[in-house]
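# Structure assessment
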Amino acid sequence: MAKQTAELVLQSQGHIHFDILTLFDYCRSHLHDFPQSASPSHFSVRQFGHGQSNPTFLLEINFDDNLKRYVLRKKPHGKLLQSAHAVEREYQVLHALGSHTMVPVPKVFCLCTDASVIGTAFYIMEYLEGRIFLHPQLPDVEPHQRTAIYREIARVLASLHHADVDAIGLGNYGRRENYCRRQVERWAKQYMASTGDGKAERYSKMLELISWLRQHIPLEDSSGRATGLVHGDFRIDNLVFHPTEDRVIGILDWELSALGNQMSDVAYSSLHYIVEFGLDKVGQDQGLEQTGIPEGLPSLAEYVAEYCSLAGKPWPVDNWKFYIAFSLFRGAAIYTGIYSRWLMGNASGGAGAQNAGIKANALVETAWSYIGQESVLPPHPPSGAKAYMQQLDNQMQDQDFLKEIGKFVPGGRVKELRDRLIKFMETHIYPMEKEFYQLAQSSSRWTVHPAEENLKELAKREGLWNLFIPLDSTARARELLFDAKIPNIFQDRRNSLLGAGLSNLEYGYLCEIMGRSVWAPQIFNCGAPDTGNMEVLLRYGNKEQLVEWLIPLLEGRIRSGFAMTEPQVASSDATNIECSIRREGDSYVINGTKWWTSGAMDPRCKLLIVMGKTDFTAQKHKQQSMILVDIKTPGVHIKRPLMVFGFDDAPHGHAEVSFENVRVPAKNILLGEGRGFEIAQGRLGPGRLHHCMRLIGAAERGMEMMAKRALQRRVFGKLIAQQGSFLSDIAKCRIEVEKTRLLVLEAADQLDRLGNKEARGTIAMAKVAAPAMALKVLDMAMQVHGAAGLSSDTILAHLWATARTLRIADGPDEVHLGTIAKLELQRARL
């Protein structure tokens, strides 16, 4: 069972060894929201009883029936080992992460290095009201909740490891190379300083373990390949969970944080599978792998596989013994230090410190037992890991349904991403829309605004990049690229290029938010046609094609276009396509004209996926093929930009493109000749839904602007919001938005569960309903804005033009209505 944060506080103030009055004066001077009229009688200080390291205190000021809480963390009093208990470093890393990333950490307010205040350096941070699970077995927790909690632990650790230390000001936080080697020497030195000469007795097997570790440092440690921000003490009881939701709101105890080998964090967070770590469990040293894994908890291999999937890390089988033995060694050194401080009388955390010496030796014994095992991880991630993740998704959906009575209620992870996305939009994108429009209407409109690339880098750092990529596509890319020399996929610390492993349904909630601005999707690398083209490569590209084209697209270094529609034929029927792709030796030669090739005007566009016919005599749906074309290939001519209701959508643009004897290597063919129609169907299913999701966001933006305008604008003596006709119309608009959202989410759910073919009817319904709904809502919003709604002074006209386009793009309404009707008649015949 979890403890509420407040339950970990000791009720007595007897452990306070500093002047509370002096601390009160400091708080009143340095905490901006500290009540200035309060007196020391309103102020209380109590120590947290959990933890054995830097003493931590709850500060409470109760004044005028307003209770404010803070947390103070300080160095222990008395003589300390050199470099230990550096609260200054804790403050530094918390400040950097809290200011520049979405890693959940408590906000820090001030750092005091003046020992005259309370005797040691300290810092003050926010108090987090939540739950702390003291036992990794999660007793008294339902199995489905255990599963969700462990996935959240893996997710938060991966999120922490994605932090770009250079970008957030931690580039000089420490040396990056030889982390494990330096740590072995550091803790060996600490162990020696904590033992002998009247202190705790030295254990010979600990000295032998130090020697073994020195001889088995992983090669990756010296290269720095696995380097990034390391927490150093990442375990479940250093995480504060939301009071009711299974998501982490704060990572605590950063005393051991550094730059280094991040796999050491993963191993340390896994130790409860190997050994019982609790100081109150003397003589009970077996871990979960020996005592039995409670229902709902993943196995050790499944937990590590989940982390590796989320963090983009290779499977650590080769060096896992070292990482576990190293973690046990370090734990033994820490416990020995705690026991030594207890002997000297300055250990925090209560009576448990007395048992630390016995437990330290038990950890050493466990390390040698683990080293002696023939194998400790399977050679590859367990095949059951995917099933475990799917089980979790199902359980999460079931639990959300039972708890909130709704089939389409997003889980905790999606809610968190959604909140972060909304914050990003409000902070960075909406304020820039005017500048983006000014550039798009200037003589320099076919250039990229410098802020756009900066925002893309920020989106990467905040984990909001490539969110559209579904989990199954991610798995295929990892399999193909695992042994490729592509450091960005598996070692990049800034971002996860393969997204967050979301389902189409989960992405729906996020794609809707992006749809509120025409500029937003490309900031998150989630804009069409790049998403569809990346999906084509992910699903159908070979390894060479992925390396050459997919990686730059995933990184956002290039953009792309999809060349299918032709001016001379009704291209909604793909069998009408006339563009020819003719094989000549080791090449294909392309001839034809395309238009409405979105993205081709962008100066960053490097790739066109072209659909044409390789065999005009084959079966009707086997004539078409798709091929990858470098836009700089001789014979590719960008003839002109096309306007959409007066918008040219610069710098993205919609181009007419001619192909005149364009010769490309035969290896550029996708999946093989005659597979173009098949690829197109696979591409269009998710892409159509993405358009529908964004249209709901556009409609919500219209609803919001409409309501605000109606509450501010007067006509004929009263506000528009007081007009009866308006009240009726806005109510009807809300009904349409909610109906359409449910239909789109149902289509996404069917796409996840049943696949593109079985979901095609519901996808078609969504594709018809979403543009119609958005047009109605946006038309109403423009009407409420009057002449301003038709101008470029608001975003409404542009959103309306986009919505109207989507009654034709990706298949006109009539095609989708035909699909719906055919399926309905088939059901009737059955």
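About the cut-offs
Residues numbered from 1 in each chain as written. Predicted model: local features only at pLDDT ≥ 70, side-chain atom pairs only at ≥ 80, totals over all residues. Heavy atoms only, no water. Helix = DSSP H or I, 4+ residues; strand = E, 2+ residues; numbered from the N terminus. Rg over C-alpha atoms; globule rule 2.2 N^0.38 Å. Buried < 20%, exposed > 50% of the residue type's maximum accessible area, 1.4 Å probe, protein only. Contact = heavy atoms within 4.5 Å. Areas by Shrake-Rupley, 256 points an atom, 1.4 Å probe, with all protein chains shown as cover. Salt bridge = Lys/Arg side-chain N within 4 Å of Asp/Glu carboxyl O. Phe/Tyr/Trp six-rings, centres within 6.5 Å; stacked < 30°, edge-to-face > 60°. Lys NZ or Arg CZ within 6 Å of the ring centre and 35° of its normal. Polar contact = N/O pair within 3.5 Å; in protein donor to acceptor, adjacent residues only side chain to side chain.

### So, the overall build of the protein chain
Of regular secondary structure, the protein chain possesses 29 helices and 20 strands. On C-alpha atoms alone, the protein chain measures out to a radius of gyration of 30 Å, which is about the 28 Å that the 2.2 N^0.38 rule sets for 830 residues. Considering only C-alpha atoms, the protein chain reaches an extent of 95 × 75 × 60 Å along its principal axes. By residue count, 58% of the 830 residues in the protein chain fall in the buried class. Counted over contacts in the protein chain with a minimum sequence separation of 6, partners at least 24 positions apart contribute 74%. For the protein chain, the accessible area works out to roughly 34,200 Å², and carbon and sulfur atoms hold 51% of it.

### Some remarks on the pattern of salt bridges
As enumerated under the stated definition, the model contains 50 salt bridges in all. The shortest N-O distance in the salt bridge between Asp33 and Lys68 comes to 3.9 Å. In this pair, Asp33 is assigned in the loop between α1 (20–30) and β2 (43–47) and Lys68 in strand β4 (residues 66–74), connecting sequence segments 35 residues apart. For Glu512, the salt bridge identified is with Arg741, shortest N-O distance 2.7 Å.

### Topic: the environment of Gly119
If you trace the backbone, Gly119 turns up in the loop between α3 (115–118) and β6 (122–126). Between the C-alpha atoms of Gly119 and Lys75, which are 44 residues apart in sequence, the distance is 8.9 Å.

### Some details on the packing of aromatic side chains
The full count for this structure, using the stated rule, is 20 aromatic pairs. An aromatic cluster is present here, built from Phe24, Phe34, Phe43, Tyr70 and Phe109 joined pairwise through their rings. Cation over ring: Arg330 sits above Tyr268, and NZ or CZ is 4.5 Å from the ring centre. Taking NZ or CZ as reference, Lys460 lies 4.9 Å from the ring centre of Trp465, over its face.

### Observations concerning the side chain of Glu566
Its place among the elements puts Glu566 in the loop between β12 (559–563) and β13 (580–584). Taking relative accessible area as the criterion, Glu566 reaches 5% and is therefore assigned buried. Reaching out from Glu566, the side chain makes a polar contact with the backbone nitrogen of Glu578 at a distance of 2.9 Å. At a separation of 3.0 Å, a polar atom in the side chain of Glu566 contacts the main-chain amide nitrogen of Cys579. For Glu566, the contacting residues outside a window of four places in its chain are Ser571, Ile577, Glu578, Cys579, Thr593, Lys594 and Trp595.

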